[in-house]
Amino acid sequence: MERREFLFRSSCLNKDMHIIQYGTGGVPFIGFPTQCAGAGNYEEFGVITTLSPYLDDGRMQLFCVDTVDEESWYCEQGINTWRSARQEDYYHHITDEVLPIVHANAPSGKKPVVMGMDMGATHAAILFFRRPELFSGMLALSGIYDSSYYYHGWMDSTLYDNSIECFLSNMPDDHPWIRKYNNCFMVFCCGRGPWEDKCCETLMNLEKILHKKRINAFVDYWGFDVGHDWQWWKHQLEYFVPHLLDQHSFITEL
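Residues numbered from 1 in each chain as written. Predicted model: local features only at pLDDT ≥ 70, side-chain atom pairs only at ≥ 80, totals over all residues. Heavy atoms only, no water.

Caption draft 1: Inspection of the overall build of the protein at higher detail. Scanning the protein from terminus to terminus reveals 10 helices and 8 strands. Overall, the protein is about 45 × 40 × 40 Å in size when its C-alpha atoms are taken along their principal axes. Split into buried and exposed, the 254 residues of the protein put 59% on the buried side. Intrachain contacts of the protein at a sequence separation of at least 6 include 72% that bridge at least 24 residues. Just so you have it, the protein exposes about 10600 Å², and 50% of that area is on carbon and sulfur atoms. The average position of the 20 basic charges and that of the 34 acidic charges among the side chains of the protein differ by 6 Å. (Helix = DSSP H or I, 4+ residues; strand = E, 2+ residues; numbered from the N terminus. Buried < 20%, exposed > 50% of the residue type's maximum accessible area, 1.4 Å probe, protein only. Contact = heavy atoms within 4.5 Å. Areas by Shrake-Rupley, 256 points an atom, 1.4 Å probe, with all protein chains shown as cover. Lys, Arg positive; Asp, Glu negative; His and termini not counted. Charge placed at Lys NZ, Arg CZ, Asp CG, Glu CD.)

Take a look at the structure:
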């Protein structure tokens, strides 16, 4: 498969950022790495090999991105207002800087799917639920969807905008975004095994909110042997990615 790297200065973040593209055609996916990791995360842990059948046959393109988690969600000694502002900068980095690169290098003309594991799942969900018009689907594995886990109950308006459990709870039942969500294919999944306790807890809470708002996400809980680990995430990717690619009705033109 073709592999390309993009290194550029982000004006949103005022630092050099990195994207790695795998594949040349098909549905574009934006892949968010695990906690505090970078664009090479998926390659390092074998995800590219797992997805190679779809990347090689032109059904899927993958654009892996960097994060600034150590400056935002995981900067526990930092000033909270700065931390939440840094997450907002990262959100704009994806929407304003990464998406144009994806569009320019995705010949299919399809809206991208956002995906991730661990903290990457949290980022994927934030981007999707804040801007559903920009994406055609979402795959979130073993994320934590409760901002109080990272900020210990602290909140400001910027963090609120990045806390899906908050803004979805308060979203009016007739909000037009709900129709946009339901025109896409959304998957949440986590295991019930080692180190998945908080992921499972926050996903169950989020599932209640989604159900109340009639947002038709597919929520799946795997067994008590399924831990917070690459081995299981790769099994989940093998299971869910074909379903995402087969949902022709959710793949829309730009």
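Caption draft 2: Structural detail: the packing of aromatic side chains. In total, this model carries 18 aromatic pairs according to the counting rule given. Ring geometry for Phe 45 and Trp 230: centres 4.7 Å apart, planes at 5°, overall stacked. Remark: Trp 230 occurs in helix α10 (residues 230-246) and Phe 45 occurs in the loop between α1 (41-44) and α2 (47-56); sequence separation between them is 185 residues. For Trp 230, a relative accessible area of 11% corresponds to the buried category. Clustering of aromatic rings is evident, with ring pairs tying together Trp 73, Tyr 74, Tyr 149, Tyr 150, Tyr 151 and Trp 154. The positively charged end of Arg 83 is found above the aromatic ring belonging to Tyr 151, 4.1 Å away from the centroid. (Phe/Tyr/Trp six-rings, centres within 6.5 Å; stacked < 30°, edge-to-face > 60°. Lys NZ or Arg CZ within 6 Å of the ring centre and 35° of its normal.)

Caption draft 3: Helix α4 (residues 119-130), seen in detail. In this model, α4 (12 residues) spans 17 Å end to end at C-alpha, consistent with the 16 Å of a helix rising 1.5 Å per residue. Most of α4 is tucked away: 12 of the 12 residues are buried. For α4, the set of buried residues is Met 119, Gly 120, Ala 121, Thr 122, His 123, Ala 124, Ala 125, Ile 126, Leu 127, Phe 128, Phe 129 and Arg 130. (Expected span 1.5 Å × (residues − 1).)

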